[in-house]
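# Residue-level structural notes
Single-letter residue listing:
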Amino acid sequence: MDSTLAVQQFIQQAIRNDFTNIDDILSPPEGQDEGVWKYEHLRQFCMELNGLAVKLQCECNPETCSQMTATEQWIFLCAAHKTPKECPAIDYTRHTLDGAACLLNSNKYFPSRVSIKESSVAKLGSVCRRVYRIFSHAFFHHRPLFDEYENETALCRRFTTFVTKYNLMSKDNLIVPILDEQQSLDVTGESEA
């Protein structure tokens, strides 16, 4: 696993074998550097999220989704501008995926795909938070499209399991009820109200 693309190929092969076997996909081979493992998974998530972004373009446009929102409580500012500001959801999606690609391909922060400095690994949580917003917008505003893509890829379930496993996001920000324990919590919460 010490060649440049070995980890990426390992992850992609696990996905091809069975995209629903999330535990297998997220289980690193013995001795695998954790920073590289997280980095390569995030690269893979961003590549696959581009597929969701393409599907979203059919119905998510500046007229229908003038802001990047999830529920009524969540309006996200786009960090791609000099000062973060609101922009249409589809633009936010493009900007976020472009920004993630730029960071993850940056020679300054990630000069090697074999070993990664801890200071660079620390940047992954911020990327995860921004990227997750694409899932939440799709879930709350384009549910049929989200469900179709999720059934084909299990991408949101895999991403949510990944960020939870590696503590890359606060559970408070995981608003798409995708994990079994989240779904049972939501059902419990509704029955009490």
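In this text, all values refer to a predicted model and were calculated from it rather than measured experimentally.

## Some words on the UniProt feature "binding site: Zn(2+)" (unreviewed entry) in the chain
As annotated by UniProt and renumbered to match this structure, "binding site: Zn(2+)" (unreviewed entry) occupies Cys 60, Cys 65, His 137 and His 142. A compact arrangement is adopted by the annotated residues: their sequence extent is 83 residues, whereas the largest C-alpha distance between any two is 10.2 Å. Looking at the element boundaries, His 137 is found in helix H6 (residues 124-141). The residues contacting His 137, other than those within four sequence positions of it, are Cys 60, Cys 65, Gln 67, Met 68, Thr 69, Ala 70, Ala 89 and His 142. When sequence neighbours within four positions are dropped, the list of residues in contact with His 142 reads Leu 56, Glu 59, Cys 60, Cys 65 and His 137.

## Details of the nonpolar core
Of all hydrophobic cores here, the largest spans 60 residues; its most connected members are Leu 52, Phe 135 and Phe 159. Contributions of two or more residues to this core are made by helix H1 (6-17), helix H2 (22-26), helix H3 (34-56), helix H4 (89-104), H6, helix H7 (143-153) and helix H8 (155-165). Top contributing element to this core by residue count: H3, with 10 residues. Ignoring sequence-local partners within four residues, the contact set of Leu 52 consists of Ile 134, Phe 135, Ala 138, Leu 145 and Tyr 149.

## Here we look at unusual backbone geometry
Phi is mostly negative for residues that are not glycine, and the peptide bonds are mostly trans. In the Ramachandran plot, Ala 154 falls in the positive-phi region, its phi being about 55° despite a non-glycine side chain. Following the sequence through the fold, Ala 154 ends up in the loop between H7 and H8. Using a relative accessible area of 8% as the deciding quantity, one classes Ala 154 as buried. Unusually for a residue other than glycine, Asn 167 sits at a positive phi of about 55°. Locating Asn 167 in the fold gives a position in the loop between H8 and helix H9 (180-192).

About the criteria used
Residues numbered from 1 in each chain as written. Predicted model: local features only at pLDDT ≥ 70, side-chain atom pairs only at ≥ 80, totals over all residues. Heavy atoms only, no water. UniProt positions renumbered as here; feature names shortened; annotations may be inferred. Helix = DSSP H or I, 4+ residues; strand = E, 2+ residues; numbered from the N terminus. Contact = heavy atoms within 4.5 Å. Core = buried A, V, L, I, M, F, W, Y, C linked by side-chain atoms within 4.5 Å. Buried < 20%, exposed > 50% of the residue type's maximum accessible area, 1.4 Å probe, protein only.

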